[in-house]
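Chain by chain, the residues:
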Amino acid sequence: MSNSSQNTYLKVCIRDSLFTLLEDRPIEKISITEIVALAGVSRMSFYRHYQTKEEIIITYIRDTFEQYIDTIKSQNFDSFELASGLFFRFFKENHGNVLSLINNELFHLFLPVFSGFLQTFNQVFDQSPDIPERHLKFYYSYNAGGLLNLVHEWMKNGMLESEADMSQILKNVYLSYRDFEA
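Structural notes, computed from the coordinates. (Residues numbered from 1 in each chain as written. Predicted model: local features only at pLDDT ≥ 70, side-chain atom pairs only at ≥ 80, totals over all residues. Heavy atoms only, no water.)

Digging into the overall build of the chain
Here is step 1 of the chain: What the chain contains, in helices and strands, is nine helices and zero strands.
Here is step 2 of the chain: Across the chain, helices and strands are ordered from the amino to the carboxyl terminus as α-α-α-α-α-α-α-α-α.
Here is step 3 of the chain: Here the C-alpha coordinates of the chain stretch approximately 60 × 35 × 30 Å along the principal axes.
Here is step 4 of the chain: Going through the 182 residues of the chain one by one, you find that 41% of them count as buried.
Here is step 5 of the chain: Here the analysis covers contacts within the chain between residues at least 6 apart in sequence; of these, 66% occur between residues at least 24 apart.
Here is step 6 of the chain: Carbon and sulfur atoms provide 50% of the accessible area of the chain, an area that totals close to 10800 Å². (Helix = DSSP H or I, 4+ residues; strand = E, 2+ residues; numbered from the N terminus. Buried < 20%, exposed > 50% of the residue type's maximum accessible area, 1.4 Å probe, protein only. Contact = heavy atoms within 4.5 Å. Areas by Shrake-Rupley, 256 points an atom, 1.4 Å probe, with all protein chains shown as cover.)

Observations regarding the nonpolar core
Here is step 1 of the chain: In terms of nonpolar packing, the biggest core is built from 53 residues, with Phe65, Phe87 and Phe91 touching the most fellow members.
Here is step 2 of the chain: Those elements that provide at least two residues to this core are helix H1 (3-22), helix H2 (32-39), helix H4 (53-75), helix H5 (80-93), helix H6 (95-103), helix H7 (110-124), helix H8 (136-156) and helix H9 (163-181).
Here is step 3 of the chain: When neighbours within four sequence positions are excluded, Phe87 is seen to be in contact with Phe65, Tyr68, Phe114, Phe117, Leu147 and Val151. (Core = buried A, V, L, I, M, F, W, Y, C linked by side-chain atoms within 4.5 Å.)

Describing the pattern of salt bridges
Here is step 1 of the chain: Summed over all chains, the structure comprises three salt bridges.
Here is step 2 of the chain: One salt bridge in this structure joins Arg15 and Asp16, with 3.0 Å as the shortest N-O distance.
Here is step 3 of the chain: A residue is classified by how much of its surface remains accessible, and Arg15, at 22% relative accessible area, is partly exposed. (Salt bridge = Lys/Arg side-chain N within 4 Å of Asp/Glu carboxyl O.)

Remarks on the environment of Thr120
Here is step 1 of the chain: Relative to the helices and strands, Thr120 resides in helix H7.
Here is step 2 of the chain: You can call Thr120 partly exposed: its relative accessible area is 29%.
Here is step 3 of the chain: Expressed as a C-alpha distance, the spacing of Thr120 and Ile57, which sit 63 residues apart in the sequence, is 20 Å.

As for the packing of H6 against H8
Here is step 1 of the chain: Across the interface, H6 lies against H8 with an axial gap of 11 Å and an inter-helix angle of 100°. By the angle between their directions, the pair H6 and H8 is classed as roughly perpendicular. Contact with H6, carried on its side by His95, Val98, Leu99 and Ile102, involves His152, Met155 and Lys156 of H8 and no other residues of that element.
Here is step 2 of the chain: Among the residues forming the contact of H6 with H8, the class breakdown is four nonpolar, two polar and one charged. (Axes fitted to C-alpha atoms, helices over the stretch in contact; angles between N-to-C directions. Parallel < 35°, antiparallel > 145°, perpendicular 65-115°, else oblique. Nonpolar A, V, L, I, M, F, W, Y, C, P; charged D, E, K, R; others polar.)

Quick look at the structure:
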């Protein structure tokens, strides 16, 4: 096994161990010792890859959004509806981990990563908002918060709506906001 493959494997073991432990108790009551014991790795391995438990979660979020962007790029989605449907499918496929973050009041960790993700998402679709460059950080923060709250509510309520329904809801919200601006 190459060093890179081994590092990836160790990180996955650590991540999965943390999420397993989060099913039973809050992050504050989980020790690094418990995580590494469940993962079957040393403390040194943990600290070689992470400084905090929250960093494990942030890395998970970043990695999964990178996979989502790679999927969009590789499949050349040309419509917002298809890409946003895939977005909601991503959350549905990862609902166990995401619900664990919601239940442990850690969903806010999505926000900083997600703001950057939205910029990349817009670049994939070659869309740039019609606002001054110096205001873009506010634009992406605002949109990230709204979209994540939409996902949060959908997941808390049992994801009864399909990905296509959620994509349509998102489109309707966006269109009503544009009507409000006019």
